[in-house]
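Residue-level structural notes
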Amino acid sequence: MAVEMDGNVRMRGDTGPGVGVRILAEGGRLRLVAGNELVGDWQVSDIGISSLQEGFNIKAEGEEFILRTDDDVPLAEELGVAAASPRLARRLAARHNPEERELPAHPPTISSNLGAIGFAVAGALIVLGGTFLNLADPGAAAASGEFDFWVAFMVGGVLMIGVSYVMSIGSRLARVVAAAVLILMVLLFGLAVRGGEASVSRLTAFGFIAGGLVIGVAVLFSGSVGEPD
């Protein structure tokens, strides 16, 4: 993009006011015009140019002079001059900083299935615990006429996995159904722990079930099961 502006040029070491010039920079060329007289016309790659605290130091055709402008930033960009001075660096950074955008009053809600995944994992752990509970003493409950807790845990775990799907599609009933199933599992767990003899297999089964219940409660209380928009 062509840059055209007014400036001032003086020889390096000269203490005079310098000469007012019209600066034109485009396509890798730099032209300085004073009135109707062409002061210089150079290919930027053929001269030495560097930024100063104010203006630019230019070496061309065996001479060295200082070029000053009212706004160094567009000229520095057009000529590809590195921002050696802190002042110019700050002005270049400020020029390229995007305008601040107004933040929405309420940040958009990011849809996530983490809650559904967590509840599905909880259900799977309870199913696994029910399986271990059956393997711990298969047929004992049926022989004694007692309630088969392992069947209840298997069914409850499968229900929790099904509820996780309800969560993933954003049903309004997700939280209610999830809470109801989880409360039922907690009650069954309490009854199961109170009955039967303790053994390594039963403790292992109860460990998986307890882990599933903890994850399920954490999912509900984390707010991951929210209402759809």
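Small disclaimer: the values here were computed from a predicted structure and weren't measured. (Residues numbered from 1 in each chain as written. Predicted model: local features only at pLDDT ≥ 70, side-chain atom pairs only at ≥ 80, totals over all residues. Heavy atoms only, no water.)

**Focus on the overall build of the chain**
For clarity, the cut-off: Strands are runs of DSSP state E lasting at least two residues, helices are runs of H or I lasting at least four, and both sets are numbered from the N terminus onward. Any residue under 20% of the maximum accessible area for its type is buried, any over 50% is exposed, and the rest in between are partly exposed; the area is computed with a 1.4 Å probe on protein chains only. Here a residue-residue contact requires only that any non-hydrogen atoms of the pair lie within 4.5 Å. We get accessible surface area from the Shrake-Rupley algorithm with a probe of 1.4 Å; when it comes to residues, only the shown protein chains can shield them.
Helices and strands together make up the secondary structure of the chain, namely seven helices and seven strands. Going from the N terminus to the C terminus, the chain shows its helices and strands as β-β-β-β-β-β-β-α-α-α-α-α-α-α. Counting only residues that meet the buried cut, the chain has 32% of its 229 residues in that class. Of all intrachain contacts in the chain linking residues separated by at least 6 positions in sequence, the fraction that spans at least 24 positions is 53%. Split by element, the accessible area of the chain, about 14,000 Å² in all, is 59% carbon and sulfur.

**Observations concerning the confidence of the model for the chain**
Spelled out, the test is: pLDDT gives the predictor's per-residue confidence on a scale running from 0 to 100.
Confidence in the prediction for the chain averages 77 pLDDT; 75% of positions are at 70 or higher. pLDDT under 50 marks residues 140–146. Its contacts with residues more than four places away, or in other chains, come to four contacts.

**Some points on the side chain of Asn57**
The condition is simple: Under the rule applied, a polar contact is a pair of N or O atoms within 3.5 Å (in protein, one hydrogen donor and one hydrogen acceptor; residues adjacent in sequence only if both atoms are side-chain atoms).
By the secondary structure assignment, Asn57 is in strand β6 (residues 56–60). Among the polar contacts listed, one links the side chain of Asn57 to the side chain of Arg12, at a separation of 3.1 Å.

**Observations regarding the sheet that holds strand β1 (residues 3–11)**
Selection criterion: Pairing between two strands is assigned when DSSP locates at least 2 bridges connecting them. The axes are straight lines fitted to the C-alpha atoms, using for helices just the contacting stretch, and the angles between their N-to-C directions are given from 0 to 180°.
On the basis of which strands lie adjacent, the open sheet formed by seven strands has the order β4-β3-β2-β1-β7-β6-β5 and antiparallel pairing. Every other strand in the sheet has two partners, leaving β4 (37–43) and β5 (48–51) as the edge strands with one partner each. Neighbouring strand axes in the sheet, compared pairwise and without regard to direction, differ in orientation by 30° on average. Bridging between strand β2 (residues 19–26) and strand β3 (residues 29–34) involves five bridges; their strand directions are antiparallel. Paired with Arg22 across the strands is Val33, a residue of β3.

**Description of the packing of aromatic side chains**
Filter applied, for reference: Working definition: rings of Phe, Tyr and Trp (its six-membered ring) pair if their centres are within 6.5 Å, and the pair is stacked with planes under 30 degrees apart, edge-to-face with planes over 60 apart, and tilted otherwise.
Enumeration over the complete set of coordinates arrives at three aromatic pairs. Seen from their ring centres, Trp42 and Phe65 are 5.6 Å apart, and the 35° between their planes marks the pair as tilted. Of the two residues, Trp42 is situated in strand β4 and Phe65 in strand β7 (residues 63–69); the sequence distance between them amounts to 23 residues. Phe65 shares its class with Trp42; the two are buried.

**Focus: the pairing of β6**
Burial within β6 is extensive, with four of its five residues counted as buried. Strand direction decides the pairing type here: β5 and β6, joined by four bridges, are antiparallel. In the strand pairing of β6, Gly48 is matched with Lys59. Counting the residues in the hairpin turn of β5 and β6 gives four residues, including Gly55, whose phi is positive at 95°. Sheet analysis places β6 next to β7, joined by five bridges and oriented antiparallel. The residue bridging Lys59 from the neighbouring strand is Glu64, located in β7. Connecting β6 to the next strand, β7, in antiparallel fashion are two residues, including Glu61 with a positive phi near 55°.

**Side note on unusual backbone geometry**
A negative phi angle is the norm for most residues apart from glycine, just as the trans form is the norm for most peptide bonds. Although it is not a glycine, Glu61 sits at a positive phi angle of roughly 55°. Along the chain, Glu61 falls in the loop between β6 and β7.

**Thoughts on the pattern of salt bridges**
Threshold: One speaks of a salt bridge when a side-chain nitrogen belonging to Lys or Arg is within 4 Å of a carboxyl oxygen belonging to Asp or Glu.
The full count for this structure, using the stated rule, is five salt bridges. In this structure, Asp6 and Arg22 form a salt bridge, with 2.7 Å as the shortest nitrogen-oxygen distance. Of the two residues, Asp6 sits in strand β1 while Arg22 sits in strand β2, which places them 16 residues apart along the sequence. Between Arg29 and Asp41 there is a salt bridge; the shortest N-O distance is 3.1 Å. Linking Arg29 in strand β3 with Asp41 in strand β4, this pair joins segments that are 12 residues apart in sequence. Linked by salt bridges that have partners in common, Glu4, Asp6 and Arg22 make up one network.

**Focus: the packing of helix α3 (residues 114–136) against helix α5 (residues 149–168)**
Threshold: Oblique is the label for any angle not covered by the other classes, which are roughly parallel (under 35 degrees), roughly antiparallel (over 145) and roughly perpendicular (65 to 115). The hand of a helix crossing depends on one turn: near helix anticlockwise from the far one by less than a right angle means left-handed, and clockwise means right-handed. Polarity classes work like this: nonpolar for Ala, Val, Leu, Ile, Met, Phe, Trp, Tyr, Cys and Pro, charged for Asp, Glu, Lys and Arg, and polar for all others, with Gly in that last group.
For the pair α3 and α5, interaxial distance at closest approach is 8 Å and the crossing angle is 165°. In this view, α3 runs roughly antiparallel relative to α5, as classed from their interaxial angle. Crossing hand, α3 versus α5: left-handed. For the contact of α3 with α5, the class distribution of residues is 17 nonpolar, eight polar and no charged.

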